[in-house]
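Structural characterization, general
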Amino acid sequence: MSSFRKEAEQIRRKIEEHNYSYYVLNQPTITDKEFDDLLKKLQTLEKEHPECVTPDSPTQRVGGKAVSSFAPRSHSVPMLSLENVYTEEEFRAWWERAQKNLESEPIEAVVEPKMDGVSLALVYEKGRLLSAATRGDGAVGEDVTANARTIRSIPLNLRTQNEIVSDRFECRGEVYILKSDFEKTNRRLIQQEDKTFVNPRNAASGSLRQKDPSVTAGRNLRFSVHSMGSMPSQIKIETHSQFIETCKKYRLPVLNQSISICSTEEEVVQIYRHWNKIRESLPYEIDGIVVKINSLRQQQILGQTAKSPRWAVAFKFMAHQVQTKVRAVEFSVGRTGVVTPVAKVNPVECGGVTISSISLHNFDEVERLGVEIEDQVLIERAGDVIPKVVRVVTRSKSGRKIVPPKKCPSCEGEVIREKEEEVAYRCVNPSCPAQFERALLHFASRDGMDVQGLGESAAQQLIQKNLVRDFSDLYRLKKENLLGCDLFADKKAENLLRQIEISKSKPLAKLLIALGIRHVGEKIAQVLAERFESLESLQKKTLEDLTPIPELGPIIANSIVQFFAQKSNITLIKKLKESGVNFKQPEHLLGQTTPFSQKSVLFTGELKRATRSQAQEMVRQLGGNPVSSISKKTDFLVCGENPGSKLEKARHLGVQVLNEDEFIQMAGEGGRGTI
Ligand code: IVH
């Protein structure tokens, strides 16, 4: 073997190991930066020595050629579906039936969470991932191998600790997306003015079925094994749990910490209640539990119907669905002028919150649902997902159609659909106050300049009182201005001014997002900031300079050039500069991601090696965001001695907890681990 080939193979093994630690064991051992460096090293090596490239190299995960349609792929054994039960009574009836058919032999059942994603069958041959196919009609699915290869928890090579698994091996599992990645994807889609996904399941399925694998690669999909395909006779297993153990041995991802074994229906019911209670706090969506008879012999006795096995059942959670009436429709205007119909409904409790207002997304969706004012509708709110109208339940006789308004509800400007094929109707008045309010909120949002305390009502008042007409006016606000608004008492005014002051020194990437340039979201802003380092330098770039940048392409490049060509934007930039807003990407952020980049970090208890504020500063330096209260969005809780109630809450919410040593170690991996 040539020395290059050997080196490439070594790096590949390392990368595989890190993928395994990160995605399967959930215990990263290196920083993202170090990982990217390894991948880059391999890419360079393979570029210089193309003969070293192998089809299962991690460099091949980033996404190959786009396809116009997926090839059909037959399943070795049918991919069945599951029978559903919704109540404890129905479940007990299922259990008793199984018990009866097994002639009162003792039953052992495996209970797993029912991942709300999309199923995928993986076939490995001679240890290599041969194919990945969706369920399709159960007999034939779609070949999505190129897309599945981009999912980093799916091993490209099956191996136990040391040896390659040489048999043909098939397993099936669920492709899913973390709630946080679902939100991130949607935020990105909004920034790109693309259609968003309604829920994580659709996001997982839509992302897996992209024609262009590089789009799938950017969605951070995950995989967890849940069932067998055809089994080679050499593998001797007698139970489902042994199959799962085999998968773990092969380093396939299994959400194993969540699997329990029960021998009575009562135990299953207890576990069902437990999962139902904690489902909201999980980082991924589940829509029930799956109960499977563990013994393969017993499974065979029970057999299957045409659609589903009799040895397994999905014990589903009650959907968070309720009925209510559409009282009226209002139209909200977004920062780019898009007019969104919003249904005002009779307030109802759904999934733990009271809902009185639901976005109908766009007028195509209104038409699809066929919803009219006065209709009785079924609405749904699952987890953190925004509520949606599922369908019309009863049509009112006095129903009124929902049609796009002719005039903007805010400025009375003209509302038009720019192109026939576009979904969105827009208010085209550039000085529409409603658009500016949204743009200001975007400017101040967490992804942008992160001005905490500048929420909807504050933005409304500042605009109404003519205190803020463009973003730069924020930096001219005085305490007495704010005290003149009834929303701000002494302390609140000071807090907002402090936040505004802090926002001046945000890195360039944040400013670029905040400016609201069409198609410039988190990723593109980062690319631009790293490449051009200052706003002035970016401002001078032409279409010819920008279009060749791989991440941009002509549409984004054009949008950037257009933005800087507008006189009002040039004036705005000048004013922001005069106000002391930072236009540069700090050197330490250039090309560097740290374990705390973009992460929110909360501290509790006493730290031994630093004061609280020193530790918070360290997080800031590493590109993170120190926060003061805990929520599901918190990424890390750093726990010193005598922690407060935040620790318990973090555990409940599934927030990752670090002790001080772990924090220091991770901070060290970011390059500046000293306090
Ligand atoms: S077992 C023959 N286990 O739910 C049954 N399925 O509604 C094989 N699912 O198509 C499936 N989590 O995509 C099984 N722990 C789990 C699951 C699970 C999610 C999906 C799977 C299946 C669907 C049926």
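Our structure's up above, just so we're on the same page.
As a starting point, this report considers the structure included with it. (Residues numbered from 1 in each chain as written. Predicted model: local features only at pLDDT ≥ 70, side-chain atom pairs only at ≥ 80, totals over all residues. Heavy atoms only, no water.)

**Here's the deal with the sheet that holds strand β14 (residues 353-359)**
The sheet built from five strands is open, its strands ordered β14-β13-β12-β15-β16 with antiparallel pairing. Edge strands, defined here as strands with exactly one partner in the open sheet, are β14 and β16 (388-394). If you compare each strand with its neighbour and ignore which way they point, the axes differ by 40° on average. For strand β13 (residues 339-350) and β14, the ladder comprises six bridges, and the chain directions are antiparallel. Residue pairing for β14: Ala-343 is matched across the bridge by Ile-358. (Pairing = 2+ DSSP bridges. Helix = DSSP H or I, 4+ residues; strand = E, 2+ residues; numbered from the N terminus. Axes fitted to C-alpha atoms, helices over the stretch in contact; angles between N-to-C directions.)

**Quick word on the pairing of strand β22 (residues 656-659)**
Where strand β21 (residues 636-639) lies against β22, four bridges are found, and the strand directions are parallel. In the sheet register, Val-638 faces β22, and the bridge partner there is Leu-658. This β-α-β element, β21 to helix α23 (residues 646-653) to β22, shows right-handed connectivity. (Right-handed = clockwise from strand over helix to strand, strands pointing away.)

**What to know about the site of the ligand**
The full set close to the ligand counts 13 residues, and Glu-112, Met-115, Ser-119, Glu-174 and Lys-292 are the nearest of them. Pro-113 places a main-chain nitrogen or oxygen 3.2 Å from a nitrogen atom of the ligand. Between the ligand and the protein, one listed contact pairs a nitrogen atom with a side-chain N or O atom of Lys-292 at 2.9 Å. The set of elements that each furnish at least two residues to the shell around the ligand consists of β3 (109-115), β8 (222-228) and β10 (286-293). With four residues, the single largest contributor to the shell around the ligand is β3. (Near = heavy atom within 4 Å. Polar contact = N/O pair within 3.5 Å; in protein donor to acceptor, adjacent residues only side chain to side chain.)

**Observations concerning the nonpolar core**
Grouped together as the largest cluster of nonpolar side chains are 55 residues, with contacts concentrated most on Leu-474, Leu-511, Ile-560 and Leu-576. Where this core is concerned, the elements lending two or more residues are α12 (433-443), α13 (456-464), α15 (490-503), α16 (508-514), α17 (522-532), α18 (535-539), α20 (553-565) and α21 (567-578). Leave out the neighbours within four places in its chain, and Leu-511 touches Phe-443, Met-449, Leu-535, Leu-576, Val-581, Asn-582 and Phe-583. One finds Tyr-124, Leu-158, Leu-189 and Tyr-250 within the second-largest nonpolar core, a separate group that totals 36 residues. (Core = buried A, V, L, I, M, F, W, Y, C linked by side-chain atoms within 4.5 Å. Buried < 20%, exposed > 50% of the residue type's maximum accessible area, 1.4 Å probe, protein only. Contact = heavy atoms within 4.5 Å.)

Everything listed here is a matter of geometry and, on its own, says nothing about what the molecule does.
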